[in-house]
Amino acid sequence: SQGAVIVSGDARLLFAVNPGSNSVSSFRIRPFGLELVDTESSGGVMPTSVAFRDELVYGDDGDTASGRGLLYVLNAGVPNSVSGFTVDRHGEITPLEGSTRPLSAESTAPAQVGFSDGGDVLVVTERATNRIDTYVVGPDGRLSAPMVHPSAGPTPFGFAVDRRNTLFVSEAGPGGGASSYRIGEDAALDPVSSMIMTGQRAACWAVLTK
């Protein structure tokens, strides 16, 4: 999967899913290494990917923060789901009650979860169904019902989002490569480029420059 281990935008926190124990952990990034802060149930079975929307605002001293972050975990076990958590300035994780949402079906072989650039849309790729799910993120951090979109290419896998809210998805299926979409404010996906061949097999992960 892509996104099993991620770092917050300010490089102060690291989050990792633990598929063997159905949990997610947070760490503080220290000069000497990682310091475990918290571990919580993922809200489902076999978490494989995690996404974080950083809302922390730091003061002039660089250490005092206000606000909190929003974390979503993709549970790839049956039934597939996404579950939300709030994260305080120390990295403590708190389950967001009523935030768990299904994917398009109970068993879709999901690959990755991630936020749009502004953090108002959550995206999940489904390998087995050739679908991409999007959710509108509400003011309270909870999600709408999933909007299900057909993938432009076979086996959508890892993805990345640029600062213009272009979604770039790798495609691991036969004849696949990559496709791009524009993410709308209403969580709509508009194809831009479809099935651009890479000349190689099993394109599984994607990354974009800032």
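Attention in this report is confined to the structure presented alongside it.

## Quick look at the pairing of strand S19 (residues 189-197)
The sheet contact formed by strand S18 (residues 177-183) and S19 spans six bridges and is antiparallel. Bridging across to S19, Ile183 finds its partner in Leu189. With antiparallel pairing between neighbouring strands as the criterion, S18 and S19 make up a hairpin whose turn holds five residues, including Ala187 at a positive phi of roughly 75°.

## With respect to the nonpolar core
Grouped together as the largest cluster of nonpolar side chains are 14 residues, with contacts concentrated most on Tyr72, Val82 and Leu122. Contributing elements (two or more residues each) for this core: strand S8 (69-75), strand S12 (110-115) and strand S13 (121-126). Sort the elements by how many residues they give to this core and S8 lands first, with three residues. Contact partners of Leu122, with chain neighbours within four places excluded, come to Tyr72, Val82, Val113, Gly114, Phe115, Asp133, Thr134, Tyr135, Val137 and Leu143. Core analysis: the next-biggest nonpolar cluster, separate from the first, contains twelve residues, Phe15, Val17, Phe52 and Leu71 among them.

## Quick notes on the pairing of strand S3 (residues 23-30)
When you tally the buried positions in S3, you get six out of eight residues, the bulk of the element. Taken together, the six bridges between strand S2 (residues 13-18) and S3 define a ladder with antiparallel strand orientation. Bridge pairing links Leu13 to Arg28 in S3. Hairpin remark: S2 followed by S3, antiparallel, with four residues in the connecting loop; positive phi at Asn22, about 55°. Connecting S3 to the next strand, strand S4 (residues 33-41), in antiparallel fashion are two residues.

## Focus: the pattern of salt bridges
Pairing of side chains with opposite charge becomes possible as their charged atoms draw close. In total, this model carries two salt bridges according to the counting rule given. The residue Arg30 makes a salt bridge to Glu35 at a minimum N-O spacing of 2.8 Å. Among the ionic pairs, Arg142 bridges to Asp140, the shortest N-O distance being 3.1 Å.

Calculation criteria
- Residues numbered from 1 in each chain as written.
- Predicted model: local features only at pLDDT ≥ 70, side-chain atom pairs only at ≥ 80, totals over all residues.
- Heavy atoms only, no water.
- Pairing = 2+ DSSP bridges.
- Helix = DSSP H or I, 4+ residues; strand = E, 2+ residues; numbered from the N terminus.
- Core = buried A, V, L, I, M, F, W, Y, C linked by side-chain atoms within 4.5 Å.
- Buried < 20%, exposed > 50% of the residue type's maximum accessible area, 1.4 Å probe, protein only.
- Contact = heavy atoms within 4.5 Å.
- Salt bridge = Lys/Arg side-chain N within 4 Å of Asp/Glu carboxyl O.

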